[in-house]
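So you can see what is in the structure, the chains are spelled out below.
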Amino acid sequence: MFAEVSEVAFDADGNLYVFDGTSGLLGGGSLRVLAFDADGGFLREFGSSGGGPGDFHRPNGFAVLPDGTVVVSDIGYRAFQLLDGSGGPSGPSP
């Protein structure tokens with residue numbers, strides 16, 4: 001089920017976020033996020049390599065905020081991506 005778990009994090013509700021990637025996070029590898037509830041049940045998976053919303057170019061760091069917002073540092077885009085619990089962009093719509 002996992003390729004290469006780099007780190008894990010929890011939100012305030014006890015949900016577990018697994019940051020699973022392929023080798024080369026600094027050199028073009030890919031990263032996906034898998035979320036599990038406090039009982040270990042699978043909730044969802046999001047993220048992939050690409051150029052669209054919620055895609056990663058060269059992810060190199062992450063954090064999970066207490067509300068479940070996932071923050072991914074992506075040096076390929078020179079930006080931080082904020083993703084809500086479903087993996088979509090977080091924040092107000094334009």
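All of the points below concern the structure found in this document. It should be emphasised that the depicted structure is a prediction, and the values quoted were computed from it without experimental measurement.

## Examining the packing of aromatic side chains
- Overall, the coordinates contain two aromatic pairs when judged by the stated rule.
- Arranged with centres 3.6 Å apart and planes meeting at 25 degrees, the rings of F19 and F62 form a pair that is stacked. Residue F19 is located in strand β2 (residues 16-21), and its partner F62 is located in strand β7 (residues 59-64); the two are separated by 43 residues in the primary sequence.
- Ring centres of F36 and F42 lie 5.7 Å apart, and the angle between their planes is 70 degrees; this geometry places the pair in the edge-to-face category.
- The class for F36 is buried, based on a relative accessible area of 10%.

## With respect to the pairing of strand β4 (residues 42-46)
- Bridge analysis of strand β3 (residues 31-36) against β4 gives four bridges, and the strand direction is antiparallel. Bridging from a neighbouring strand, L34 pairs with E45 of β4.
- Linkage of β3 to β4, two consecutive antiparallel strands, is achieved through a turn of five residues, within which G40 is found at a positive phi near 95 degrees.

## Topic: a nonpolar patch on the surface
- A surface patch of nonpolar side chains, about 500 Å² in accessible area, is lined by M1, F2, V5, V8 and F42.
- Note that V5 resides in strand β1 (residues 5-10).
- Under the relative-accessibility criterion, V5 is labelled partly exposed at 41%.

## Points about unusual backbone geometry
- In this model, R78 sits at a positive phi of 55 degrees, which is unusual for a non-glycine residue.
- As for its placement among the helices and strands, R78 is situated in the loop between β8 (70-74) and β9 (79-83).

## A short note on the sheet that holds β8
- Across the sheet, which stays open at both edges, the three strands sit in the order β7-β8-β9 with antiparallel pairing between neighbours. Edge positions in the sheet fall to β7 and β9, since each of these pairs with one other strand and no more. The mean angle between the axes of side-by-side strands here comes to 20 degrees, regardless of whether they run parallel or antiparallel.
- Note that β7 and β8 share five bridges and pair antiparallel. Bridging across to β8, V64 finds its partner in V70.

Quick notes on the rules
Residues numbered from 1 in each chain as written. Predicted model: local features only at pLDDT ≥ 70, side-chain atom pairs only at ≥ 80, totals over all residues. Heavy atoms only, no water. Phe/Tyr/Trp six-rings, centres within 6.5 Å; stacked < 30°, edge-to-face > 60°. Helix = DSSP H or I, 4+ residues; strand = E, 2+ residues; numbered from the N terminus. Buried < 20%, exposed > 50% of the residue type's maximum accessible area, 1.4 Å probe, protein only. Pairing = 2+ DSSP bridges. Patch = residues over 30% accessible without salt bridge, like charges linked within 9 Å, V, L, I, M, F, W, Y side chains within 5 Å. Areas by Shrake-Rupley, 256 points an atom, 1.4 Å probe, with all protein chains shown as cover. Salt bridge = Lys/Arg side-chain N within 4 Å of Asp/Glu carboxyl O. Axes fitted to C-alpha atoms, helices over the stretch in contact; angles between N-to-C directions.

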